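# Reading the structure
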Amino acid sequence: MHSKALAPEYQGALTKMSVNSSLTDVLAEGVRHLKEAERSGSGGEVARCNLAVAEAHRRLGNVAEADLAWKASYRAARSAEDLGAMAWALWSGGTLARQRGELRLAFRLLGLAADMGKRGGDIVARGYSLAGLAETGRIQGDYRTVAALHEQLLAEARARGEARHTVWALEGIAQIHRNTGSLDTALAMFEEAAELAGNADDRRGRAWALRGIADIVSLRDDPERALTLLAEAELTCREMKLSSALAYNHKMRANVLFRARRYEEARAMYEEALAEFRDMTEPRGEALARLGLVKSLARLGRDRDDTAKDLDELRRTLDRIGLLNAREMVDKAYAELGVAPAGDGTGRETGGGTDGESGRR
């Protein structure tokens, strides 16, 4: 049996906030209680309130504010000698670093968070930090390294009946299967995640699972069903103010339209997603949306030399971020579009790529 989904990152005076609470509500409550904690001089409560503020800002796409808040949370936790609170602050900082495309920093902060959670006896903070490490590796495309960790975390979450963490692990493993070509397995796991998230009242987890299902349904030439699933997920993203999830939803909608050869509609949707990613300073999503836009414009008759130059620039960007799987997607795009690298001398054409772009935490 699994419990209802909980949000362990909302702590102290914020424990009343649900996993489904609007992020604007979480932010307002976090700021209000933070002021009270600062007046009372409670370092531990200041740390916990700043954690909620940081996570609300991060998920709303306010990266500068999120950066200030997680660091303030860590300082307060360190002053209070609260190892568990320090671990949560580092987890938040590492998750923000991944969202910003700073993968090396993400690995470092999440590793510190996992160690701090273990030292402080906070098994949930440690579990979330290990999950963050696994997700960072998956996003990078290092499936061989992180697949076993995903399976371990799934088994632990199932054993403890933690619905939200089980949903996360199922979706992560499903994404690996999708990106390595095992579509039947991926679909079954996304569908299990969606059902479990629905039963546990985890609306965010269900929205991400529906996006995964839509991806595979689209690959199997059923664009209308895929668009219907994405429309359902979009309602949740808008109601909960999930800015990043909404941008990735729009990116997937554009993918579906592109696969259906509806290139003009795809172009418009890629442009919308690109603007959303830029607003929240999320370079990984921005690069993926740019790739889709380049491909759409090429299908609409754009100059081949301009297409090649854009692909060259994207390849350099993805190399800098360290997204191995996305780099393969660019290499595949050269062949798909019938263009060659414009002459920067850095590329090679390696064949198949995938859409590996899940990042839900």
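The structure reproduced in this document is the subject of the present report.

Glancing now at the side chain of Asn 255. Here Asn 255 shows up in helix H12 (residues 243-259). Residue Asn 255 is classed as buried on the basis of its relative accessible area, which comes to 5%. Side chain to side chain, Asn 255 and Lys 251 meet in a polar contact 2.9 Å long.

Tyr 10, Trp 70, Leu 90 and Ile 213 are the most contacted members of the largest nonpolar core, which totals 101 residues. Excluding residues within four positions of it along the chain, Leu 90 makes contact with Trp 70, Tyr 74, Leu 109, Leu 112, Ala 113 and Met 116. Listed in part, the 20 residues of the second largest apolar core include Val 294, Ile 321, Val 330 and Val 339.

A few words now on unusual backbone geometry. Positive phi is not limited to glycine here, since Asp 201 has a value of about 60°. The partly exposed category is assigned to Asp 201, whose relative accessible area is 43%. Despite not being glycine, Asp 221 has its phi angle at roughly 65°, a positive value. Considering the arrangement of structural elements, one finds Asp 221 in the loop between helix H10 (203-219) and helix H11 (223-239). In this structure Asp 221 comes out as exposed when scored by relative accessible area, which is 67%.

Attention now goes to the environment of Leu 103. With respect to the helices and strands, Leu 103 occurs in helix H5 (residues 103-120). Each C-alpha atom, one on Leu 103 and one on Thr 166, is 24 Å from the other, the two residues being 63 residues apart in sequence. When sequence neighbours within four positions are dropped, the list of residues in contact with Leu 103 reads Arg 98, Thr 136, Gln 140, Ile 321, Gly 322 and Leu 323.

Here is what the cut-offs are and how they apply
- Residues numbered from 1 in each chain as written.
- Predicted model: local features only at pLDDT ≥ 70, side-chain atom pairs only at ≥ 80, totals over all residues.
- Heavy atoms only, no water.
- Helix = DSSP H or I, 4+ residues; strand = E, 2+ residues; numbered from the N terminus.
- Buried < 20%, exposed > 50% of the residue type's maximum accessible area, 1.4 Å probe, protein only.
- Polar contact = N/O pair within 3.5 Å; in protein donor to acceptor, adjacent residues only side chain to side chain.
- Core = buried A, V, L, I, M, F, W, Y, C linked by side-chain atoms within 4.5 Å.
- Contact = heavy atoms within 4.5 Å.

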